[in-house]
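Understanding the architecture of this molecule
Given next are the chains, with one letter for each unit.
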Amino acid sequence: MLKTLYDKLWDSHVVRADADGTTVLYIDRHLVHEVTSPQAFEGLREAGRPLWRTAANLAVADHNVPTTDRRQGIADPTSRLQVETLDGNARSFGLTYFNMNDKRQGIVHVIGPEQGATLPGMTVVCGDSHTSTHGAFGCLAHGIGTSEVEHVLATQTLLAKKSKSMLVQVDGQLPAGVTAKDVVLAVIGKIGTAGGTGYAIEFAGSTIRALSMEGRMTVCNMAIEAGARAGMVAVDQTTIDYVKGRPFAPSGPHWEQAVAYWRTLHTDPGAKFDLVVTLDAAQIRPQVTWGTSPEMVTTIDGRVPDPDQEKDPVKRDAMEKALVYMGLKPNTAIADIRIDKVFIGSCTNSRIEDLRAAAAVVRGHYRASNVKLAMVVPGSGLVKEQAEREGLDQVFKAAGFEWREPGCSMCLAMNADRLEPGERCASTSNRNFEGRQGQGSRTHLVSPAMAAAAGIAGHFVDVR
Ligand SMILES: CC(C)[C@H](C(=O)O)[C@@H](O)C(=O)O
Ligand code: SF4
């Protein structure tokens, strides 16, 4: 039988399947962060249950960590409690843990791949929706809830039902200045935030093949914003080259064995998907969201839509509400929208290539006078170190951009980094929901180059 990549990943992890499709799936890698794990550890403690396979877990604190001087500790008591609770749980359960002052610390979805803890062919779960990121490696990776975190810790398995399969086929060469972020925003613009509901998406085509692993991670990261729980990309030489030599990756004879298996992790030619969506890369332009959902997106040469032109009453209502919240008038040119702050970071766009792309834009320029704050938050301590080796921190600082410590930061404002009510931000993150970057915050999702350019110009500009 011809199989999709998803079929292969699924079939190789079935422990037991019931007639109604309910399946016990084996989980290879469990990533843990401080927000969704406390009750899970508490549950284990109360039941006196040990971890099933301690080495399958990797824990890190990311959402609540400060991005400024860490020697001061964490000022906010709730944030401090969450991080200290993870410190304690990691210690008492014996998990591999990168604490706040470890240079390997960073956003869970950045450090998994960086360490080689995410490997092709794995099932990867974490109590976090953006676990879809890891699908870039030819993994079945998705978020789980806190009760499932406990289940995985205790049994190394998960109860799951198979999704339908969707192929998102992107072909052709991306125009200069158009990035993986623009590809995935264009996909979401096309299929909508509910378009992927009930599906696992495989991203394929010559455009995806040509992306680096970092670009593929950006695309899979936002599969969840298209409604799909999982996104994935087939394994190829790019995948294997990225993984080689990473601390958790296999080595010696195991390496060759693993690579031989990994090379089978692609959809068989002719295998059928439940749904196929195609995009022409040549038509994709730099994307900017204008509303409060990632599907409310247009291009840099576009305009804020006019609800009066929308025939669907439900969509019209949502549009009107979004425009009020965002403080935008219909038909405003995107390039005329002035911003107050810039955020370059998050598990979508905080890797070294993202920082290089942003630095290339700001080099030799200075932050616009109306931009009160522009911050660059590397995805991990190792990304930060690499960027500093390349002098990118100096480029950013010279341009009036702040250079911070790694973590989720202003992606969701659980730590001290947030927008003030009404402030407008060019952000490289993945969610532009109401209040996402602080109460009353207004978020426009863009690529790193676009965010950097907006910081210099003071409004959105076309990086092409
Ligand atoms: C805090 C966590 C549960 C949440 C998620 O699941 O995605 C966060 O990472 C987010 O991006 O909103
Ligand atoms: S960076 Fe943002 S999206 Fe990613 S895990 Fe952290 S809060 Fe969630």
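For the structure, check the block above.
So, here is what we can say about the structure in this document. (Residues numbered from 1 in each chain as written. Chains lettered and ligands numbered in written order. Predicted model: local features only at pLDDT ≥ 70, side-chain atom pairs only at ≥ 80, totals over all residues.)

1. Quick word on the packing of helix α12 (residues 352–362) against helix α15 (residues 448–457)
Put simply, the test is: To define axes, lines are fitted to C-alpha atoms, for helices over the stretch in contact only, and angles between the resulting N-to-C directions are given on a 0 to 180 degree scale. Numbering of helices and strands starts at the N terminus; helices are DSSP runs of H or I of at least 4 residues and strands are runs of E of at least 2. Every angle not falling under 35 degrees, over 145, or within 65 to 115 is termed oblique; those three ranges are roughly parallel, roughly antiparallel and roughly perpendicular. Crossings are classed by handedness, with left-handed meaning an anticlockwise turn of the near helix from the far one by less than a right angle and right-handed meaning a clockwise turn. Here the contact rule is simple: place C-beta atoms from the backbone, and any two residues whose C-beta atoms are within 7 Å are in contact. Under this grouping Gly is polar, as are all residues other than the nonpolar Ala, Val, Leu, Ile, Met, Phe, Trp, Tyr, Cys and Pro and the charged Asp, Glu, Lys and Arg.
Their axes nearest at 8 Å, the elements α12 and α15 cross at an angle of 30 degrees. In terms of orientation, α12 and α15 fall into the roughly parallel class. Between α12 and α15 lies a crossing whose hand is right-handed. Across the interface between the two elements, D354, A357, A358, V361 and V362 from α12 touch P448, A449, A451, A452, A453, G455 and I456 from α15. Of the residues assigned to the contact of α12 with α15, the class counts are 10 nonpolar, one polar and one charged.

2. Quick notes on the site of ligand 2
Quick note on the threshold: Put plainly, near means the residue's C-beta atom, positioned from the backbone, lies within 6 Å of the molecule or strand in question.
The full set close to ligand 2 counts 13 residues, and S346, C347, C408, C411 and L412 are the nearest of them. Looking at the shell around ligand 2, its residues break down into five nonpolar, six polar and two charged.

3. Brief notes about the site of ligand 1
In the neighbourhood of ligand 1, the contacting residues comprise V35, T36, H63, D128, S129, H130, G143 and L412. Residues belonging to the shell around ligand 1 are distributed by class as follows: two nonpolar, five polar and one charged.

4. Topic: the pairing of strand β10 (residues 199–204)
Convention followed: Exposed residues have 12 or fewer other C-beta atoms within 10 Å of their own C-beta, buried residues have 20 or more, and partly exposed residues fall in between, where C-beta atoms are placed from the backbone. Strands are treated as partners if at least two bridges between them are detected by DSSP. Think of it like this: strands point away, you trace from the first strand over the helix to the second, and a clockwise trace means the crossover is right-handed.
β10 sits mainly inside the fold: six of its six residues count as buried. Side chains Y199, I201 and F203 of β10 all project onto a buried face; the interleaved residues A200, E202 and A204 project onto the opposite face, where all are buried too. Relative to β10, strand β9 (residues 164–171) is paired through six bridges, and the arrangement is parallel. Its bridge partner being in β10, L167 is matched across the sheet by E202. A crossover connection joins β9 to the parallel β10 through helix α6 (residues 180–191); in handedness this β-α-β unit is right-handed.

By themselves, these are just geometric observations and shouldn't be taken as functional.
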